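Observations on the three-dimensional arrangement
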Amino acid sequence: LGGGGFAPGSSSTTGSESISLEQETNESELSIRSVLGRTYVNVDLSTVEGIEKASDWELASSGMADVVFSPHLNQIAEKLLDGQHKGRMFVLLIHPCVREFKRFRHRRKMELLHHGKGLITNENSEEGNGDILSMSYTAYSKSHLVEDNWMMRTILDKP
């Protein structure tokens, strides 16, 4: 769900779904929608505009949503929550080394899918020329292909 609210009693989601709950018609009030067997409130909390709309429509006091998802934590806290309607925050993080290893595996898979045509290369790495298929994870972590991430640099003791 790319933002929005779960209606009471709705099913959970994997978080990988992206469902647009707002129609292009200019709705003027909250309503419950059923999408793919799950129930949702018709606001998109993945955008600041959607949060403004949810605030105007008094989503928190409506009792229509048990759970909300949004990448805009500050706006949700400021516009939707108050002394009567408090929230609990859950954060899911992936370790940066794990995330980078997944990127490495994905890039190798993509190179294999492109039949080793050299679309992703290791030309600027300390290990010299060669493609990602022949790289070890250690070589990849020292190459220009790794994401510039301060946490990764700290963990790997790189400047």
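These remarks concern the structure in this document. Here the residue numbers are simple positions, counted from 1 along each chain's written sequence. In keeping with the predicted nature of the model, local features appear solely for residues at pLDDT of at least 70, side-chain atom pairs appear and are counted solely at 80 or more, and the whole-chain, interface and lining totals rest on all residues. Side-chain figures throughout are based on the complete set of non-hydrogen atoms in the structure, without hydrogens or water.

Helix and strand assignments come from DSSP, with helices taken as H or I runs of at least 4 residues and strands as E runs of at least 2, each series counted from the N terminus. Across its full length, the chain carries 6 helices and 4 strands. The secondary structure elements of the chain, listed N-terminal to C-terminal, are β-β-β-α-α-β-α-α-α-α. Note on definitions: a residue-residue contact is assigned when non-hydrogen atoms from the two residues lie within 4.5 Å. Contacts in the chain between residues far apart in sequence, at least 24 positions, make up 51% of those at least 6 positions apart.

Any carboxyl oxygen of Asp or Glu that lies within 4 Å of a side-chain nitrogen of Lys or Arg is treated as forming a salt bridge with it. With the rule as written, the count across this model stands at 3 salt bridges. Across the salt bridge formed by Glu52 and Lys79, the nearest N and O atoms sit 3.4 Å from each other. Placement of the pair is Glu52 in helix α1 (residues 48-56) and Lys79 in helix α3 (residues 73-79), with a sequence separation of 27 residues. On the accessibility criterion, Glu52 (32% relative accessible area) is partly exposed. Lys79 sits in the partly exposed class, given a relative accessible area of 33%. Where Arg99 meets Glu147, a salt bridge forms, and the shortest distance between an N and an O atom there is 2.8 Å. With Arg99 in helix α4 (residues 96-113) and Glu147 in the loop between α5 (137-141) and α6 (150-155), this residue pair connects regions lying 48 residues apart in the sequence. We call a residue buried when its accessible area falls under 20% of the maximum for its residue type, exposed when it is over 50%, and partly exposed in between, using a 1.4 Å probe and counting protein chains only.

Let us look at the packing of aromatic side chains. Under the pairing criterion, centres of Phe, Tyr and Trp rings, with the six-membered ring standing for Trp, must be within 6.5 Å; the plane angle then separates stacked pairs below 30 degrees from edge-to-face pairs above 60, leaving the rest tilted. Tallying each qualifying case throughout the model produces 5 aromatic pairs. Look at Phe101 and Phe104: their rings are 6.1 Å apart centre to centre, the planes differ by 40°, and that puts the pair in the tilted class. Of this pair, Phe101 and Phe104 both sit in helix α4, 3 residues apart, which is roughly one turn of that helix.

Further remarks concern the nonpolar core. By nonpolar core is meant a set of buried Ala, Val, Leu, Ile, Met, Phe, Trp, Tyr and Cys residues that side-chain atoms within 4.5 Å join together. By size, the foremost hydrophobic cluster in this structure holds 10 residues: Leu30, Val41, Val43, Leu45, Ile51, Ala54, Trp57, Leu59, Ile76 and Leu80. If near-sequence neighbours (up to four positions away) are discounted, Ile51 is found in contact with Asp44, Leu45, Ser70, His72, Gln75, Ile76, Lys79 and Leu80. In this structure, Phe104, Ile132, Ala139 and Tyr140 belong to the second largest nonpolar core, which totals 7 residues.

Let us look at α4. In this scheme, a helix's expected span is set at 1.5 Å multiplied by one less than its residue total. Here α4 is 18 residues long and its end C-alpha atoms lie 25 Å apart, about the 26 Å a rise of 1.5 Å per residue gives. Along α4, the residues classified as buried are Pro96, Glu100, Phe104, Arg107 and Glu111. Buried residues of α4, viewed axially, fall in a sector of 85°; they line one side. Across from the buried face of α4, at angles greater than 90 degrees, the exposed residues are Lys109, Leu112 and Leu113. The directions considered for the arc run from the helix axis to the C-beta atoms.

In this section: the environment of Glu111. Along the chain, Glu111 turns up in helix α4. The class of Glu111 is buried, set by a relative accessible area of 0%. In sequence terms Glu111 and Asp131 are 20 residues apart; their C-alpha atoms lie 8.7 Å from each other.

This part takes up a nonpolar patch on the surface. A cluster of nonpolar side chains, contributed by Leu73, Met89, Val91 and Leu93, occupies part of the molecular surface with about 460 Å² of accessible area. If you trace the backbone, Met89 turns up in the loop between α3 and α4. The exposed category is assigned to Met89, whose relative accessible area is 54%. Grouping into patches uses exposed residues only, defined as over 30% relative accessible area, and leaves out salt-bridged ones; the cut-off is 9 Å for like charges and 5 Å for nonpolar side chains (Val, Leu, Ile, Met, Phe, Trp, Tyr). Here the Shrake-Rupley method, with its probe set to 1.4 Å, supplies the accessible areas, and only the displayed protein chains count as covering residues.

With that out of the way, let us pick up the pairing of strand β3 (residues 38-41). Alignment of strand β2 (residues 32-35) against β3, held across 4 bridges, turns out to be antiparallel. Within β3, the position partnered with Ser34 by the bridge is Thr39. Paired strands are those between which DSSP finds at least two bridges. In sequence, β2 turns back onto β3 through a hairpin of 2 residues, with Leu36 there showing a positive phi of about 50°.

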